[in-house]
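# Fold and geometry: a report
Here are the chains, one letter per residue:
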Amino acid sequence: MRVGLSWDLGGDAGAVETWPGVLAEIAQADAMGFESVWVQEGREAADACSSPALFLTWVARKTKSLQLRVAGRGVTRGDAVRTAEELAVLDNFARGRAGLAFASATRQQAEPALVHETVEMVSAAWSMDEFRYRGDHVRFPSHTGDDAPRGASELPPSKEYVPQWEWGPIMPDFLAITPKPYSTRPPLYVEIEDDATLEWAARAGIAPFVPAEVPTGRAVERLVRYREVADAAGRRRDEVDATLERRLVLDGEDDACALGGSSEALVIAIREIRGRTGISHVVWRRGTAAGADLYRFASEVQPMLQS
Amino acid sequence: MKFWTTSIGTGKLRGMPSALANGYDSWIADAKDAERLGFDGYGAPEHHFMYDGFMPFPLQALAAVAAETTKIRLMTGAMLLPLYDPMAAAEAAATLDVLSNGRVTLGLGMGYRPMEFDGLGTAKKTRGARLSEAMEVVRLASSEKRFSYEGKHYQYSDVALHPEPVQKPIDMWFCGGTSLLGARRSGQAGFGYWLANSPYEHTAAIIEEYRRFGREAGVPEEKLRIAAFKDVCMGETIEEAQGMRQVLIDGFYEEHILGYGYLVDENGEHVYNPPKNHPMYQRFVDSLYCGTPEMVVEELKRYEALGVEAVFVPSPQRELLAERVFPEFR
């Protein structure tokens, strides 16, 4: 099982005060063998990170092995193209360590289909050359008409190649989104709070991500349901990196969204959840005030989860 | 006078095969080199859907530079603001400003390639007006705790920017090409004006127009700042300098600028791949100054006398600029 870290960026203190602590922990996490960091997109708090891909591009140059995950990416600003571009640039700066988790439709008060189409569009952008996309919510290029086939479609092959700088003032029907990511296909995740997205993601082979705010009982229920739908669709468990984010309290108590206990108790609890749900990645959501428990967790809990 | 620069590496140039990620590494290494040599700023441009993987998000590219430098300013030149939701642009700028301890300078342009507007789903014909409005949104967002804005194209009601940047407001320039309209808009709004390459006489006329509109709008004199893209090509002889200019034209301008309708003729029409004898082409080539280091110093002194406080110079001759030109300005 992979082990990652994320942080609460929802306090009243400004980013100038809290981010240095988070950045310092990220550097420590890289050194201590954690496998991923997840930075949640947010806009409501003084230290919220509204541009996680940019934040992680800075991190990419300061770390060597951590997987860098943008979490909670919103879709309501109509920026599927920019999402694809930002992650591809991050992946190049990070030499293949980037990944992207979309916020649930519920959390964004958006149509689930908008999330699904954005995920499809981003995936097409990373893997196809000149293409267009027609959905109910997403169109690319924007003049794509109703006569285009649904979803992504590629430019038909031609015997002629005209270099782009010789196109002149045209608006092509098919465009390539560039750059392409460093890796063939960076991991894509989606929060599975609504049924429509859970079932769509399970069938499409998009990994589930359950954030720390979802109570543990509900999180397990959603992940179990995801696995059932995926199994029924013939999807293998090893196709996706099913990820659960939890607050973990060393020597503390459980609550609705947190797992607590001794190192051994935490390991047992997480492994039990893995057995029930098939998760392959657990992410420890931390407060922004750096704690001394990072080293202890890395040396006591992490090895037993990673083994 | 301040000196800003950039480097190739944000995309793959023909004739210079390289892995894109290696190009990114080189681009960062050049930024570190520019900082070492005493340049004041390092810039990242913006283009989308380019066959060569050109970097589409300059602030993100500069985040990588921020991680490996300590004092050089991180400049967009130009970031195509009408292609963004203005608050998203402000958020990205503020994020970088926090990560870099207040080193962000935004050079903001309106863009000109039709496919970029179409691909990103926004209208090209309103780009000029939207650039002015969006700059005002960024200025308000980065200087006020909460703000409202009621424009023709953008409206915000009692919103706040998170994170808050270090600079309040974030340093901004209006990149208006060589048009008088841009100079007027920028002067009226009190934004610093950053001109594109242009022959001296035209530059002087634009600056005069910018100042006139600024004064008439009641903008304080100290807010009427001027910067210029100024491609200077140096050699010990004029022929050598012209050879360097040809490298710039062949390696970058022909493919990245002239083929996409950057030049606009006297009727306001974009000119694509103009023939070499086209007057617009000739004027463009003439704007790329060629001379010995001594002549370059003299030319830049003329610009300084016009009130140009910063020039954005090309990268291939960084060492030479630092050695032979900088001392005359510091």
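Note: the structure precedes this text.
Worth saying up front: this structure is predicted, and the values here are computed from it rather than measured.

Another point: the overall build of chain A. A tally of helices and strands in chain A yields nine helices and twelve strands. Compactness check: chain A gives a C-alpha radius of gyration of 20 Å against a globular reference of 19 Å for 307 residues, within 12% of the reference. Expressed as a percentage of contacts within chain A between residues at least 6 apart in sequence, the contacts between residues at least 24 apart total 70%.

Turning to the interface of chain B and chain A, a few remarks are in order. Taken together, the contact between chain B and chain A spans 51 residues of the former and 47 residues of the latter. When the buried surface of chain B facing chain A is broken down by residue, F49(B), Q60(B) and D118(B) rank first, second and third, together holding 17% of it. Connecting chain B to chain A are seven salt bridges. Summed over the shared surface of chain B and chain A, the result is 23 residue pairs in polar contact (both at pLDDT 80 or more). Those elements that provide at least two residues to the side of chain B that touches chain A are α1 (20-37), α2 (58-68), α3 (86-99) and α4 (114-120) of chain B. Grouping the constituent residues of the side of chain B that touches chain A by class yields 32 nonpolar, ten polar and nine charged.

What follows deals with the packing of helix α3 (residues 80-93) of chain A against α2(B). At their nearest, the axes of α3(A) and α2(B) sit 10 Å apart, and the two run at 25 degrees to each other. Considering the angle they form, α3(A) stands roughly parallel to α2(B). When you trace α3(A) past α2(B), the crossing you get is right-handed. Residue-level contacts link E86(A), V89(A), L90(A) and F93(A) of α3(A) to Q60(B), A61(B) and A64(B) of α2(B). Looking at the contact of α3(A) with α2(B), its residues break down into five nonpolar, one polar and one charged.

Moving on, we come to helix α9 (residues 279-287) of chain B. Looking only at α9(B), the buried set comprises M280(B), Y281(B), F284(B), V285(B) and S287(B). Around the axis of α9(B), the buried residues are gathered within 160 degrees of arc, so they sit on the same side.

This next bit is on the nonpolar core. Ranked by size, the top nonpolar core spans 203 residues in total, and within it F55(A), F3(B), L59(B) and L106(B) carry the most contacts. Residue contributions to this core peak at nine residues, all from α3(B). Contact partners of L106(B), with chain neighbours within four places excluded, come to L59(B), T76(B), M79(B), A93(B), V138(B), I170(B), D171(B), M172(B) and W173(B). If you look at the next biggest cluster of nonpolar residues, it comprises ten residues, including W173(B), C175(B), A227(B) and F229(B).

Another aspect to go through is the packing of helix α7 (residues 216-232) of chain A against helix α8 (residues 263-277) of chain A. All names here are of chain A. One can describe the packing of α7 onto α8 by two numbers: an axis separation of 8 Å at closest approach and a directional angle of 35 degrees. Here T216, V220, L223, V224 and R227 of α7 lie close against α8, whose contacting residues are I273, R276 and T277. Split into classes, the residues belonging to the contact of α7 with α8 amount to four nonpolar, two polar and two charged.

All names here are of chain B. Spatial ordering of the closed barrel is given by β1-β2-β3-β4-β7-β8-β9-β14, a layout of eight strands whose pairing is parallel. Averaged over all pairs of adjacent strands, the angle between strand axes in this sheet comes to 25 degrees, irrespective of strand direction. For strand β9 (residues 226-229) and strand β14 (residues 308-313), the ladder comprises four bridges, and the chain directions are parallel. Note on β14: the bridge partner recorded for I226 is V308. Each of β7 (171-175) and β8 (192-195) touches helix α6 (residues 180-189); the most contacted strand, β8, lies at about 160 degrees to it. Running at roughly 165 degrees to β8, helix α7 (residues 200-216) makes contact with β8, β9 and β14 of the sheet.

Procedures and definitions
Residues numbered from 1 in each chain as written. Chains lettered and ligands numbered in written order. Predicted model: local features only at pLDDT ≥ 70, side-chain atom pairs only at ≥ 80, totals over all residues. Heavy atoms only, no water. Helix = DSSP H or I, 4+ residues; strand = E, 2+ residues; numbered from the N terminus. Rg over C-alpha atoms; globule rule 2.2 N^0.38 Å. Contact = heavy atoms within 4.5 Å. Buried area = accessible area lost by both parts, 1.4 Å probe. Salt bridge = Lys/Arg side-chain N within 4 Å of Asp/Glu carboxyl O. Polar contact = N/O pair within 3.5 Å; in protein donor to acceptor, adjacent residues only side chain to side chain. Nonpolar A, V, L, I, M, F, W, Y, C, P; charged D, E, K, R; others polar. Axes fitted to C-alpha atoms, helices over the stretch in contact; angles between N-to-C directions. Parallel < 35°, antiparallel > 145°, perpendicular 65-115°, else oblique. Left-handed = near helix turned anticlockwise from the far one by under 90°. Buried < 20%, exposed > 50% of the residue type's maximum accessible area, 1.4 Å probe, protein only. Arc of directions from axis to C-beta. Core = buried A, V, L, I, M, F, W, Y, C linked by side-chain atoms within 4.5 Å. Pairing = 2+ DSSP bridges.

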